[in-house]
Amino acid sequence: MIRKIDINSDEFQTELELTKQFTNKVLEEHNLVYNPDDEVNESIQMGLTRNKLIYGKRFCPCFMVIGNTPAEQENSENRLCPCKPALTNEIPSKGSCHCGIFCTEQKANEIKKQIDVHDAIATHSRGLTKEECINLLTKVEINSLELESLLEARELGFVNFNLVDTREWMEWVGTRIKGTDYLIPTTSFYHALERINDQKNIPVIVYCHSGSRSAYCQRIMLDLGFKSVANLDYGISSYGGERESGDN
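Visitor: Please explain a nonpolar patch on the surface as it appears in this structure.
Guide: Side chains of Met64, Ile66 and Tyr216 sit close together on the surface and give an oily, nonpolar patch of about 250 Å² of accessible area. Along the chain, methionine 64 turns up in the loop between helix H2 (38–55) and helix H3 (70–75).

Visitor: Help me understand the packing of helix H1 (residues 10–30) against H2 in this model?
Guide: In helix packing, the relevant descriptors are the interaxial angle and the interaxial distance, both defined with respect to the helix axes. Across the interface, H1 lies against H2 with an axial gap of 9 Å and an inter-helix angle of 120°. Considering the relative orientation of H1 and H2, their crossing is right-handed. Contacts between H1 and H2 involve Glu11, Phe12, Glu15, Leu16, Thr19, Lys20 and Thr23 on the former and, on the latter, Gln45, Met46, Leu48, Thr49, Arg50, Lys52 and Leu53.

Visitor: Looking at this structure, how should I read the pattern of salt bridges?
Guide: Close approach of charged atoms allows side chains with opposite charge to pair. Applying the stated criterion across every chain yields a total of 13 salt bridges. Ionic pairing is found between arginine 58 and glutamate 15, a salt bridge with its closest N-O pair at 3.1 Å. Residue arginine 58 is found in the loop between H2 and H3, and its partner glutamate 15 is found in helix H1; the two are separated by 43 residues along the sequence. Of the two residues, arginine 58 and glutamate 15, neither departs from the other in class, the shared state being buried. Across the salt bridge formed by aspartate 165 and arginine 167, the nearest N and O atoms sit 2.8 Å from each other.

About the cut-offs
- Residues numbered from 1 in each chain as written.
- Predicted model: local features only at pLDDT ≥ 70, side-chain atom pairs only at ≥ 80, totals over all residues.
- Heavy atoms only, no water.
- Patch = residues over 30% accessible without salt bridge, like charges linked within 9 Å, V, L, I, M, F, W, Y side chains within 5 Å.
- Areas by Shrake-Rupley, 256 points an atom, 1.4 Å probe, with all protein chains shown as cover.
- Salt bridge = Lys/Arg side-chain N within 4 Å of Asp/Glu carboxyl O.
- Helix = DSSP H or I, 4+ residues; strand = E, 2+ residues; numbered from the N terminus.
- Axes fitted to C-alpha atoms, helices over the stretch in contact; angles between N-to-C directions.
- Left-handed = near helix turned anticlockwise from the far one by under 90°.
- Contact = heavy atoms within 4.5 Å.
- Buried < 20%, exposed > 50% of the residue type's maximum accessible area, 1.4 Å probe, protein only.

The structure is reproduced here in structure tokens:
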């Protein structure tokens, strides 16, 4: 049973401050900078805090923690922040870690430019036709702008689909994409999936923080007979549209 974390508790807030000190130290030690998108950084810091309170270690929040006991977790290939794949592969080759919080200065500047371009495109969006919506929902992956347009089209009645968040309850409360229909956490996926098992003919879009956990859930849903399941490329960390928070 996964422990439920109260993000407003003194325990969590104290540990969150320690986590922020920890990520600051990582930047200093490896000559890196934060992602220019503050929501990405806050989400990862909260995820690291959650894992520290649950498992006693700051496991990467973008991947499932494998193992039910400390010994099993130690012997599994769990990512402990800052993880070796990030430091030796992802950051040198791509400019940022998988989660996006730790970046080279050059990558951070690129992301800042992308955010500015996204805002400009979103301001001048022409919207989608019904046929374009249907075609998008058959894709394996969609990007942030495509999801924004699909949500807009759904409000207009052009298309119907379920938007599913596969992160954990704490992440969902902190921030989620406005228009999310269901929270189906990866750690209790099969049980939570029962909520929409009778809606397999309705297209689904899944997302997590960076796209890894939701891609795993996407494969399971397709194997279980869901008609179509698209994954949000790079997850909520790439999403520039409206968000909401709270447990309502």
